[in-house]
Amino acid sequence: MKKKLLIISTAVVLLSCLVMLAGCNFLGAFYTDRTPYYIDVAEVEDPNAANIVANNNLLSCTRIIASFSNGKTSAGSGFVVTSDGYVVTNRHCVLMYSSTGSDTPYNPLETPLNATYKVVFADNKALSADLVGYSNDADLALLKIRNYADFTGSASFEPVKLSSSSDLFYGDKVYTIGNPEDLGLMLTELMVSSPAIKVSSDDSFSSIILDGTINHGNSGGALFDKYGNVVGVVYARIEGSNSDAYGIGCAIPLDTLKEFLDEARIKYTVAADQSAE
């Protein structure tokens, strides 16, 4: 079966009806009533991994809204990796090229359109950001939030912690917090179908293949392990050209993200080794 890689870049979607989302927990609706709090995995006798991921990372996960000079908009996901406001997302969420007049989000031979960026948090606080870099080898980009210190103030506002994708195995449960269909931040439970498969011969890395619900707008969202540490970045789903392939997602492995951040000289936080617990 011939397969194609469907890049998950979306226009902002307006919904006027009740939407049922299978396999997702809508976190945004609960933010003002239940403030997330940090859970120490070592102190929990029978930890709920989904709650750990949500409580430890919701404040650091974001919606990414890009407004381009041709009047189009794109909605994706991202996550804060430093205490001074650097945010990781996908390149295709923040770049758009226009010579053909199409919505194709990436063509390295063309000049990108001018754009403005908003990073939106779980409480719907939207902050302006600047695009400071992107990778030509991987679907990764880096934004810098303006006036981030004024937003965080004295609150406990921790960036995500980066772990390793090398220990992932078939059947492991993983999670992502993202912005599907630009409805708001949601937690989705996934399973590792394969820890490393090259989706395209042109790829410079082997993707983490995921079984579960990956929708338009999930692009750029962090992929978390059961400890709530980042192990990858969601970037695409695979669809069959001649059949209804469904539920096959792709994530960039963490080692590729670390290489990108190291090249940009970004000082991220590394999680403690919890594999022995």
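All figures in this text were calculated on a predicted structure; none of them were measured in a lab.

## Quick notes on the overall build of the chain
Piece 1. Per the secondary structure count, the chain includes four helices and 16 strands.
Piece 2. Counting across all 277 residues of the chain, residues that qualify as buried make up 49%.
Piece 3. Contacts in the chain between residues at least 24 apart in sequence constitute 64% of all its contacts with a sequence separation of at least 6.
Piece 4. Of the roughly 13600 Å² of accessible surface on the chain, 48% is carried by carbon and sulfur atoms.

## Let's talk about the pattern of salt bridges
Piece 1. Scanning the model with the defined rule gives three salt bridges in all.
Piece 2. Taking the shortest distance from any N to any O, the salt bridge between Arg146 and Asp130 comes out at 2.7 Å. One end of the pair, Arg146, is in the loop between β8 (141-145) and α3 (148-152); the other, Asp130, is in strand β7 (residues 126-134), with 16 residues separating them in the sequence.
Piece 3. As a salt-bridge pair, Lys173 and Glu189 come within 3.8 Å of each other at their nearest N and O atoms. Remark: Glu189 occurs in strand β11 (residues 186-197) and Lys173 occurs in strand β10 (residues 173-178); sequence separation between them is 16 residues.

## Re the environment of Phe79
Piece 1. Following the sequence through the fold, Phe79 ends up in strand β4 (residues 73-80).
Piece 2. Overall, the relative accessible area of 0% leaves Phe79 in the buried class.
Piece 3. The spacing of Phe79 and Gly221 is 142 residues in sequence and 6.6 Å in space, taken between C-alpha atoms.

## Thoughts on the environment of Asn124
Piece 1. Residue position: Asn124 is located in the loop between β6 (115-120) and β7.
Piece 2. C-alpha of Asn124 to C-alpha of Gly184: the two residues are 60 residues apart in sequence and 8.6 Å apart in space.

## Details of the pairing of strand β12 (residues 207-211)
Piece 1. For β12, a buried count of four out of five residues is recorded, marking the element as mostly surrounded by other parts of the structure.
Piece 2. The sheet contact formed by β12 and strand β15 (residues 248-253) spans four bridges and is antiparallel. Along β15, the bridge assignment pairs Ile209 with Cys250.

## Concerning the side chain of Asn55
Piece 1. As for its position among the elements, Asn55 is in helix α1 (residues 49-57).
Piece 2. Within the local environment of Asn55, its side chain forms a polar contact with the backbone oxygen of Asn51, the two atoms lying 2.8 Å apart.

## Examining the sheet that holds strand β5 (residues 86-89)
Piece 1. Sheet architecture is closed into a barrel: six strands sit in the order β3-β4-β5-β8-β7-β6, paired in antiparallel fashion. Sheet twist, expressed as the average angle between the axes of neighbouring strands with direction ignored, equals 40 degrees.
Piece 2. Pairing between strand β3 (residues 61-68) and β4: seven bridges, direction antiparallel. Counterpart to Arg63 in the pairing with β4 is Ser77.
Piece 3. This element, helix α4 (residues 254-263), spans β4, β5, β7 and β8 of the sheet and lies at about 55 degrees to β8.

## With respect to the nonpolar core
Piece 1. With 36 residues, the main nonpolar core has Phe79, Val88, Leu257 and Leu261 as its most contacted residues.
Piece 2. The set of elements that each furnish at least two residues to this core consists of α1, β10, β13 (222-224), β14 (230-240), β15 and α4.
Piece 3. Considering every element that reaches this core, the biggest residue donor is β14, with five residues.
Piece 4. Discounting residues that sit within four places of it in the chain, Val88 has contacts with Ser77, Gly78, Phe79, Val81, Leu140, Ala141, Leu142, Gly220, Val233, Leu257 and Leu261.
Piece 5. By size, the runner-up hydrophobic cluster in this structure holds 19 residues, among which are Phe68, Val87, Cys93 and Tyr148.

## A word on the confidence of the model for the chain
Piece 1. Averaged over every residue, the pLDDT of the chain is 76; residues scoring 70 or more account for 70%.
Piece 2. In the predicted structure, residues 2-37 sits below a pLDDT of 50 and forms 78 contacts with residues beyond four places in sequence or in another chain.
Piece 3. A low-confidence stretch, residues 42-46 (pLDDT under 50), is modelled with one contact involving residues beyond four sequence positions or located in other chains.

## A look at α1
Piece 1. Counted residue by residue, α1 has eight buried out of nine residues, so it is predominantly covered.
Piece 2. Residues Ala49, Ala50, Ile52, Val53, Ala54, Asn55, Asn56 and Asn57 constitute the buried set of α1.
Piece 3. Elements that come into contact with the buried residues of α1 comprise β3, β10, β11 and β13.

Cut-off values and rules
- Residues numbered from 1 in each chain as written.
- Predicted model: local features only at pLDDT ≥ 70, side-chain atom pairs only at ≥ 80, totals over all residues.
- Heavy atoms only, no water.
- Helix = DSSP H or I, 4+ residues; strand = E, 2+ residues; numbered from the N terminus.
- Buried < 20%, exposed > 50% of the residue type's maximum accessible area, 1.4 Å probe, protein only.
- Contact = heavy atoms within 4.5 Å.
- Areas by Shrake-Rupley, 256 points an atom, 1.4 Å probe, with all protein chains shown as cover.
- Salt bridge = Lys/Arg side-chain N within 4 Å of Asp/Glu carboxyl O.
- Pairing = 2+ DSSP bridges.
- Polar contact = N/O pair within 3.5 Å; in protein donor to acceptor, adjacent residues only side chain to side chain.
- Axes fitted to C-alpha atoms, helices over the stretch in contact; angles between N-to-C directions.
- Core = buried A, V, L, I, M, F, W, Y, C linked by side-chain atoms within 4.5 Å.
- pLDDT = per-residue confidence, 0-100.

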